Amino acid sequence: MIKPLLSLLSWVIRLSLVYWVIGTLIPAPPRAALEVPDRVVETLHPQVCMHTRLIDEVEEWKIQRTLQLVREMGVNTIVEFFPWAYIERSPDQYDWSSVDRIVRHARNQGIHIIARMGLVPGWARQTPDDPRAERSTLNTLPLDSFDDFAQFAADFAARYAGTIDQLIIWNEPNLAFEWGYQQVDPAGYVDLLRTVYAPIHAANPNAVVLAAGLAPTLEPPGSPNGLNDILYLEALYANGAAAYFDALAVHTYGFTDPPEADPALNFRRAELLRDVMLRYNDDDTPVIITETGWNDHPRWTKAVHAAQRVTYTLDALRMVESQWAWAEKACLWVFRYPYPTFSYPDNFTFVNTEFQPRPIYYAVQAYARGWEMDGLLSLLPLSARRGGWGVRLILGEKIGSETFVFLPSLNSGWRQ
Amino acid sequence: MIHLSRFSPLLLFAALVLVLISQPGDEPSATEIFPYAEIRFGVDASYPPFSVATADDLFGLEIDLARALGERIGLPVRFVNLGFDGLFDALRTNQVDALISALPIDTARIGSVYYTQPYFDAGLVLVSDGTYPTMRDLSDHSLAYEYGSTAESEVRAWLRRIRPFDLLPYDTPAAALDAVRLGEANATAALVDAITARLYLRDHPDWNAEYTYVTNTLYAMVTGGDHPEIAARLDAALQTMFDDGTLIEIIDRWL
């Protein structure tokens, strides 16, 4: 009787030893210990800002690495999405952990956060007898749930007061997709702003409520897809929105135009939105460009070549700083995705999912940190050499694991 | 008592007949699978030559492919032109039956959606006169590619795997291919995506170049995770197009 038990015990001990040995051979996951002391962002152009996508990261070290790269880039502000659905999965049951770790690492890297709020938890999306239940999406916010969203926004504002004071309410409500695949409704969005505004300010008197950035689009009135952003902003003002936001978030993409092109569906669309603000005597309300940039996908019809993307982006940043005093920040979309989309959105990024910086990362870094006069860190397209701009390779420098080549000046350009 | 051995051939025959008769009835009809009596394809028509929108029409390789699939299945096709961000939500909310929009198979989505077999490989290809058919052959030679592109990332990865080769970045992939074709800067090969390569080679039929795949980016149709029957029906129709050469004919028409 005892002999089999001893044999069994002996095997348990042996297997435990094997398990322990194997465990010691597996590399430990990277740690995300906070740096001591807190870091400071070095920048000469503090209006440069990045939109990040950190909330979907599972591993904390990736949040830290992202924010380290943002800091090293010379960027002191990020826009980050904080989905209601992730935080309040059951009514009044908050799980702040995913927000806390982003805030902790951002503070450690000396980076300020602008929060974008949206994405509806299932319990707030519809009632069981709602005929729309089957067709609801994460962006479906029934009127009955406005107060719940306002309560969440206020609790968020209170918890992070002094750390996150700028709150963007929703995203691109002029698109049906972002409005739960319902007909877009400017008056409905004003109702949402009205519902959240007072509770947020009561929770944090220093809060800045930003009206959502609108999607740049030419969709006409009545379109099932959305509504022209200029018309939508007009409708917001006509419905009395001005009293319920402190700053306007703006989305303005260059698509295939250079930044200096006449205002249309391009970078200078921000000026058309600003004109609407001026028409409604809202001069004092600042603008924060929370999404902007160019895409360098080889096939997408709204993309440019990678070299053009670099040139256009830097010219746009200069334009914001020198000509758009009303714009406090220009946040570039998007620093990095936690996972690839395997389509053109990947070509908005500055760093790929494996943290390999793309050339535009180094270009914006050189601009933000004031290295521009010393030359752009980049590889020189041969056609630039052929094109007679008089630039040449002057030296190589090892940065990290990559060797880069300095150009005497980006201003020589690659535009064809 | 029934003597089974006497009746078994008859029983087997009856069972076989039953199976043959019942099989078509077991398989749902096209209108059972597609209850709107049409196939609703979600597409982001901003991706030439796969799908492009004009003011009142859509055209491209995927538009032709979807129409051909509709003919095989016996149902008309309707396209719902969406932005990329809305594609998967439209599938989830049953606004479309399937997506056909240059979507590579994403293993992270498997489980929540179904993919058909792929209909095109848009991965990176190495283009040369045939002397350098693989990346390993490039050591000590020169490689042209588009600056800042996916090809550049791949090039840098290969620099860590094999003996060095010279980097020749150009501002467009076509310029990189020009360099190889014209023998510029001793460019021995170019790394570009398969779509660019096919379009370029079609425009330069006199250039006797070859290409080999270095990476794979497999485009497939997508259906909702609760509609495996839609994926199966599209897959079966696509297979017939593989088998009789229709798919190749459509690809060659556009690329």
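Residues numbered from 1 in each chain as written. Chains lettered and ligands numbered in written order. Predicted model: local features only at pLDDT ≥ 70, side-chain atom pairs only at ≥ 80, totals over all residues.

(A) Representation of the overall build of chain B in the model. Within chain B, the regular secondary structure consists of 9 helices and 15 strands. A fraction of 73% describes how many contacts in chain B between residues 6 or more apart in sequence connect residues 24 or more apart. (Helix = DSSP H or I, 4+ residues; strand = E, 2+ residues; numbered from the N terminus. Contact = placed C-beta atoms within 7 Å.)

(B) How the structure looks around the overall build of chain A. Summing up its helical and strand segments, chain A has 12 helices and 11 strands in all. The buried share among the 416 residues of chain A stands at 46%. For chain A, the proportion of contacts with a sequence separation of at least 24, taken over those separated by at least 6, is 72%. (Buried ≥ 20, exposed ≤ 12 C-beta atoms within 10 Å, placed from the backbone.)

(C) Quick look at the confidence of the model for chain A. On average, chain A scores 87 in pLDDT, and the residues at 70 or more come to 87%. Counting contacts from residues 373-416 of chain A, a segment whose pLDDT is below 50, to residues more than four positions away or on other chains yields 74 contacts. (pLDDT = per-residue confidence, 0-100.)

(D) Fine view of the environment of A:G226. Residue and element names in this part refer to chain A. Looking at where G226 falls in the secondary structure, it is placed in the loop between β5 (208-211) and α8 (229-238). The class for G226 is buried, based on 24 C-beta atoms found within 10 Å. Remark: the alpha-carbon pair of G226 and A176, spanning 50 residues in sequence, is separated by 5.1 Å.

(E) Broad picture of the interface of chain A and chain B. On the side of chain B, 30 residues touch chain A, which itself brings 29 residues to the contact. Of all elements in the fold, only α10 (306-323), α11 (359-368) and α12 (382-386) of chain A reach the threshold of two or more residues within the side of chain A that touches chain B. Broken down by element, the residue count for the side of chain A that touches chain B peaks at 3 residues, all from α12(A). Here the side of chain A that touches chain B is composed, by residue class, of 17 nonpolar, 7 polar and 5 charged. (Nonpolar A, V, L, I, M, F, W, Y, C, P; charged D, E, K, R; others polar.)

(F) Summary view of the packing of helix α3 (residues 61-73) of chain B against helix α8 (residues 228-243) of chain B. All names here are of chain B. Taken N-terminus to C-terminus, the directions of α3 and α8 make an angle of 105 degrees; their axes are 9 Å apart at the nearest point. By the angle between their directions, the pair α3 and α8 is classed as roughly perpendicular. Residues A68, L69, R72 and I73 of α3 lie in contact with α8, whose contacting residues are R233, L234, A237, L238, T240 and M241. Taken together, the residues of the contact of α3 with α8 break down into 7 nonpolar, 1 polar and 2 charged. (Axes fitted to C-alpha atoms, helices over the stretch in contact; angles between N-to-C directions. Parallel < 35°, antiparallel > 145°, perpendicular 65-115°, else oblique.)

(G) Molecular detail of the nonpolar core. Judged by nonpolar contacts, the single largest core of 178 residues is most densely connected at A:A153, A:L167, A:I169, A:L193, A:L210, B:A190 and B:V192. If sequence neighbours within four positions are ignored, B:A190 has contacts with B:V127, B:A144, B:Y145, B:A176, B:L177, B:A179 and B:V180. (Core = buried A, V, L, I, M, F, W, Y, C linked by C-beta atoms within 7 Å.)

(H) Layout of the sheet that holds strand β9 (residues 124-128) of chain B. Residue and element names in this part refer to chain B. Taken in spatial order, the 5 strands make up an open sheet running β11-β10-β12-β9-β13, and their pairing is mixed. On the outer flanks of this sheet lie β11 (166-170) and β13 (210-213), each paired with one strand and no other. Across this sheet, the average inter-strand angle for adjacent strands is 30 degrees, counted without regard to direction. Helix-sheet contacts for helix α5 (residues 150-159) involve β9, β10 (142-146), β11 and β12 (189-193), and the interaxial angle to β10 is about 150 degrees. Sheet strands in contact with helix α7 (residues 194-203) are β9, β12 and β13, and its direction is about 115 degrees off that of β12. (Pairing = 2+ DSSP bridges.)

(I) Geometry of the sheet that holds strand β2 (residues 46-47) of chain B. Residues and elements named next belong to chain B. On the basis of which strands lie adjacent, the open sheet formed by 3 strands has the order β2-β3-β4 and antiparallel pairing. The open sheet has two edge strands with one neighbour each: β2 and β4 (58-59). Here 2 bridges tie β2 to strand β3 (residues 51-53), and the two strands are oriented antiparallel to one another. Bridging from a neighbouring strand, Y47 pairs with S51 of β3.

(J) View of helix α4 (residues 97-108) of chain A. All names here are of chain A. With 12 residues, α4 should cover 16 Å at 1.5 Å per step; its first-to-last C-alpha distance of 16 Å lies within 8% of that length. The complete set of buried residues in α4 reads V99, I102, H105, A106 and N108. Where α4 is buried, its residues contact α2 (60-73), β2 (77-83), α3 (84-87) and β3 (112-118). G110 lies just past α4 and shows a positive phi near 75 degrees. (Expected span 1.5 Å × (residues − 1).)

(K) Looking closely at unusual backbone geometry. The residue after A:W333, namely A:V334, is reached through a cis peptide bond having omega -5 degrees. Its location among the elements puts A:V334 in the loop between β8 (327-333) and α11. Put simply, B:P48 and B:P49 share a cis peptide bond, and its omega is 0 degrees. Here B:P49 is to be found in the loop between β2 and β3. Notably, A:W170 is not glycine yet its phi reads approximately 75 degrees, a positive angle. Position of A:W170 among the secondary structure elements: in the loop between β4 (166-169) and α7 (186-203). Looking at A:W170, the number of C-beta atoms within 10 Å reads 23, which means it is buried.

(L) Broad picture of the environment of A:G213. Residue and element names in this part refer to chain A. Relative to the elements of secondary structure, G213 occurs in the loop between β5 and α8. Each C-alpha atom of the pair G213 and N171 lies 6.0 Å from the other, and the pair is 42 residues apart in sequence. G213 has contacts with N171, E172, A249, V250, H251, T290 and E291, leaving out every residue within four places of it along the chain.

(M) Representation of the pairing of β12(B) within the structure. All names here are of chain B. Counting buried residues along β12, 5 of its 5 residues qualify, which places the element largely inside the surrounding structure. Burial of β12 is two-sided: the residues A189, L191 and D193 facing one way and the residues A190 and V192 facing the other way are all buried. In the sheet, β9 pairs with β12 via 4 bridges, with the strands oriented antiparallel. Its bridge partner lying in β12, L124 is registered against D193. Here 3 bridges tie β10 to β12, and the two strands are oriented parallel to one another. Counted as the bridge partner of Y145 is L191 from β12.

(N) Representation of the packing of helix α6 (residues 146-159) of chain A against α7(A). Residue and element names in this part refer to chain A. Interhelical geometry of α6 versus α7 gives an angle of 30 degrees and a closest axis separation of 8 Å. In terms of their interaxial angle, α6 and α7 are classed as roughly parallel. Taken as a pair, α6 and α7 cross one another with a handedness that is right-handed. Here F146, D147, F149, A150, Q151, A153, A154, A157 and A158 of α6 come into contact with α7, specifically with D191, L192, T195, V196, P199, I200, A202 and A203. Looking at the contact of α6 with α7 residue by residue, the class counts come to 13 nonpolar, 2 polar and 2 charged. (Left-handed = near helix turned anticlockwise from the far one by under 90°.)

(O) Representation of the environment of A:H297 within the structure. Residue and element names in this part refer to chain A. Relative to the helices and strands, H297 resides in the loop between β7 (287-293) and α10. In this structure, the C-alpha to C-alpha distance between H297 and T163, residues 134 residues apart in sequence, is 36 Å. Those residues in contact with H297, other than ones at most four positions away along the chain, are A303, Y344 and N347.

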